[in-house]
Amino acid sequence: MAHTTYRILTGALSAFALLGLSPNALADEGGVSFWVPGFFGSLAATPQQAGWSVAEIYYHTSVAASGNVALAKEIQIGQIPANLNATLNANVNANVNLGFVAATYVFATPVLGGQASASLLAAYGANSTTLAGSLSGTLTGPGGIGIPFSRFDSIDSSLVAFGDLVPQFALRWNAGVNNYMTYITGDIPVGAYDSMRLANLGLGHGAIDAGGGYTYFNPQTGHEFSGVLGFTYNFTNTATQYQNGVDMHFDWGASQFLTKQIQVGLVGYVYREIGCDSGSGDRVGCFQSQVASIGPQVGFIIPLGDRMQGYLNLKSYWEFAAENRPSGWNTWLTFSLSSKTPEPPPAATPTYHK
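Keep in mind that what you see is a predicted model, and the values were worked out from it rather than measured.

Rules used in this analysis
Residues numbered from 1 in each chain as written. Predicted model: local features only at pLDDT ≥ 70, side-chain atom pairs only at ≥ 80, totals over all residues. Heavy atoms only, no water. Helix = DSSP H or I, 4+ residues; strand = E, 2+ residues; numbered from the N terminus. Buried < 20%, exposed > 50% of the residue type's maximum accessible area, 1.4 Å probe, protein only. Contact = heavy atoms within 4.5 Å. Areas by Shrake-Rupley, 256 points an atom, 1.4 Å probe, with all protein chains shown as cover. Patch = residues over 30% accessible without salt bridge, like charges linked within 9 Å, V, L, I, M, F, W, Y side chains within 5 Å. Salt bridge = Lys/Arg side-chain N within 4 Å of Asp/Glu carboxyl O. Phe/Tyr/Trp six-rings, centres within 6.5 Å; stacked < 30°, edge-to-face > 60°. Polar contact = N/O pair within 3.5 Å; in protein donor to acceptor, adjacent residues only side chain to side chain. Pairing = 2+ DSSP bridges. pLDDT = per-residue confidence, 0-100. Core = buried A, V, L, I, M, F, W, Y, C linked by side-chain atoms within 4.5 Å.

Undergrad: I would appreciate a short explanation of the overall build of the chain in the present structure.
TA: In terms of regular secondary structure, the chain is built from 3 helices and 13 strands. For the chain, the residues scored as buried account for 51% of the 354 residues in total. Contacts spanning at least 24 positions in sequence make up 69% of the contacts within the chain whose residues lie at least 6 apart. Element-wise, carbon and sulfur atoms account for 62% of the exposed surface of the chain, whose accessible area totals about 14,800 Å².

Undergrad: Just to check I follow, could you spell out a nonpolar patch on the surface for this structure?
TA: Taken together, the side chains of Phe107, Phe169, Ile184, Ile208, Leu229, Phe231, Tyr233, Phe235, Val246, Phe250, Val270 and Ile274 define a hydrophobic patch exposed on the protein surface, amounting to about 990 Å² of accessible area. Structurally, the position occupied by Leu229 is in strand E8 (residues 223-234). Note on Leu229: relative accessible area 35%, which makes it partly exposed.

Undergrad: How should the packing of aromatic side chains be read in this particular structure?
TA: Here a ring pair, both rings aromatic, is described through the centre-centre distance and the interplanar angle of the planes. Per the stated rule, a full pass over the model turns up 14 aromatic pairs. Centroid distance Tyr105 to Phe107: 5.0 Å. Interplanar angle 85 degrees. Geometry classified as edge-to-face. Residue classification places Tyr105 among the partly exposed residues on the basis of a relative accessible area of 30%. Note on Phe107: relative accessible area 36%, which makes it partly exposed. The structure contains a cluster of three or more aromatic residues connected by ring pairs, namely Trp35, Phe40 and Tyr183.

Undergrad: How do you make sense of the environment of Thr221 when you look at a structure like this?
TA: As for its placement among the helices and strands, Thr221 is situated in the loop between strand E7 (207-218) and E8. In the structure, Thr221 is positioned 36 residues away from Phe257 in sequence and 8.0 Å away in space, judged by C-alpha atoms. For Thr221, the side chain forms a polar contact with the main-chain nitrogen of His223, separated by 3.3 Å.

Undergrad: Explain the environment of Gln290 here, please?
TA: Tracing the backbone shows Gln290 in strand E11 (residues 290-304). Spatially, the C-alpha atoms of Gln290 and Pro326 are 9.9 Å apart, while their sequence positions differ by 36 residues. Those residues in contact with Gln290 that sit more than four places away from it in its chain are Tyr271, Arg272, Ala321, Ala322, Glu323 and Arg325. Within the local environment of Gln290, its side chain forms a polar contact with the side chain of Arg272, the two groups lying 2.8 Å apart. Here the side chain of Gln290 touches Ala321 through a polar contact of 3.4 Å, landing on its backbone oxygen.

Undergrad: Looking at this structure, how should I read the environment of Gly163?
TA: Structurally, Gly163 is set in the loop between strand E4 (146-162) and strand E5 (166-175). We classify Gly163 as buried; its relative accessible area is 7%. Note: C-alpha distance between Gly163 and Gly202 (39 residues apart in sequence) is 5.0 Å.

Undergrad: So what exactly am I meant to see when it comes to unusual backbone geometry here?
TA: Across residues other than glycine, the phi torsion is negative in most instances, and most of the peptide bonds are trans. Phi at Leu112 is positive, roughly 55 degrees, even though this residue is not glycine. Mapped onto the elements of the fold, Leu112 is located in the loop between strand E2 (84-106) and strand E3 (115-140). A relative accessible area of 71% means that Leu112 is categorised as exposed. In this model, Gln241 sits at a positive phi of 55 degrees, which is unusual for a non-glycine residue. Its location among the elements puts Gln241 in the loop between E8 and strand E9 (247-257).

Undergrad: Explain the pairing of E9 to me, please; I cannot follow it from the model alone.
TA: In regular strands, side chains alternate between the two faces of the sheet. Inspection of the sheet shows E8 paired to E9 by 10 bridges, in the antiparallel sense. Within the sheet, the bridge partner assigned to Val228 lies in E9 and is Asp251. From the end of E9 to the start of strand E10 (residues 262-273), which pair antiparallel, there are 4 residues.

Undergrad: Help me out: how do you make sense of the confidence of the model for the chain in this one?
TA: Detailed reading of predicted coordinates is not advised where the pLDDT is low. The share of residues in the chain with pLDDT of 70 or more is 75%, and the mean pLDDT across the chain is 81. Throughout residues 344-354 the model reports pLDDT below 50, and contacts reaching past four residues in sequence, or to other chains, amount to 1 contact.

Undergrad: Is there a simple way to think about the side chain of Arg172 in this case?
TA: Mapped onto the elements, Arg172 comes out in strand E5. Within polar-contact distance, the side chain of Arg172 engages the backbone oxygen of Ala44 at 3.0 Å.

Undergrad: Can you help me understand the nonpolar core in this one?
TA: Judged by nonpolar contacts, the single largest core of 33 residues is most densely connected at Phe40, Phe100, Tyr183 and Trp332. Listed by contribution, the elements that provide at least two residues to this core are strand E1 (51-66), E2, E3, E4, E5, strand E6 (178-187) and E10. Of the residues forming this core, the biggest block, 4 residues, is contributed by E2.

Undergrad: Explanation requested: the side chain of Thr46 in the structure shown.
TA: Turning to its location among the elements, Thr46 is positioned in the loop between helix H2 (7-14) and E1. You can call Thr46 buried: its relative accessible area is 3%. Of the polar contacts made by the side chain of Thr46, one reaches the backbone oxygen of Leu43; its length is 2.9 Å.

So this is what it looks like as C-alpha cells:
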C-alpha cells in the first residue's frame with residue numbers, strides 16, 4: 001500500500017527528465033547542450049500510476065562564465081572575424097525564467113514486461129544574457145600581414161518566446177524494493193533560435209538522448225536512492241556547421257519520507273562531455289566541458305478529493321568543478337497533477353454459523 005501511495009511522486013519527478021531544452025549556456029557549442037543535468041531525481045525508476053498526468057514547472061537559473069566560453073559565444077554570433085587570432089577577457093552572465101508544461105501518459109498494458117510511458121514537454125519564458133569584455137589579437141591582412149586589433153565589447157541580449165519541443169518514451173520494471181528503467185528522448189528544434197543572437201530559447205539543432213537508471217525504494221522505512229546515466233548524440237547545427245560532441249550525464253537523488261505526505265533529501269548531478277566538438281564552424285578546438293552539483297529537495301503530496309492527487313516539489317542545485325561552461329545555481333518549483341491510486345476494497349468480515 002505504501003508503495004502505491006508514492007506513485008504520484010514519480011510522475012512529477014520524472015518530468016524533470018524531459019527538460020532537455022537548454023535555455024542558457026551550459027556546454028558544447030557556445031556553451032549550450034541539449035541535456036540540462038539534474039532532471040532525473042528521486043524515484044526516477046519506480047512505476048507510475050496509469051493514465052494522464054501533467055506537471056507545471058517554474059524554473060529560474062543564474063549562471064556566469066569567462067575564458068573559452070565567452071570566446072565561443074562571440075565566435076558563434078559572428079563578432080570575431082575568421083582571420084582574427086584573438087584572445088578575449090570577458091564575462092558572460094545569464095538569467096532565465098521559464099515555465100514548462102509536461103504531459104505524460106502511462107499505458108496500463110505492459111510492454112516487454114514493464115510499464116511504458118510517453119511524454120511531451122513545451123516551454124515558454126524569458127532569457128536575458130549579457131557579455132562584456134575586451135577583445136585583442138592580430139588580424140591577418142592581405143599578403144599575410146598581421147595587423148594589431150583591439151576593442152571592447154558590451155552585448156545585451158534578451159527575448160521572451162517559446163522553446164523547443166522535447167518528447168520522451170520510457171519503460172520501467174519493478175521487483176520489490178528494486179526498480180529499473182530505460183528511456184529515450186530528443187530535441188525537436190522549433191523554439192526561438194538565431195545563430196547571431198546571444199540569448200536563445202531553442203537549441204538550433206536536433207539531438208537524441210538515451211540511458212537507464214535504478215531506484216532503491218523501501219516503502220516501509222521511507223528510504224530511497226535513485227541514479228540515472230544517459231548519453232546525448234547531437235546533430236549538426238546547419239546554421240553554424242557545428243556539431244557538439246557526445247555528452248554523458250549522471251543524475252541522482254536521495255530522500256527520506258518523514259510521513260506518507262512529506263519527503264526531504266538531496267539531489268545532484270555529474271556532467272561530462274566525452275566527445276570533441278567538430279564541423280567547419282569549430283574554431284575553439286575540442287572544448288570539452290564538465291560540471292558537478294548538489295542541493296536540497298523537499299516534497300509534499302496534496303490530496304485533492306477521491307480521484308486526484310497533487311505533488312509540490314522544491315529543489316535547488318549549486319554547481320562546482322565547472323570547466324568550459326558557465327556555472328551558478330538553479331531552482332525548480334514543480335506542481336504535478338495525476339489520478340490517485342485506487343484503494344483496494346476492505347477485506348470481508350467472515351461470518352460464522354453455528
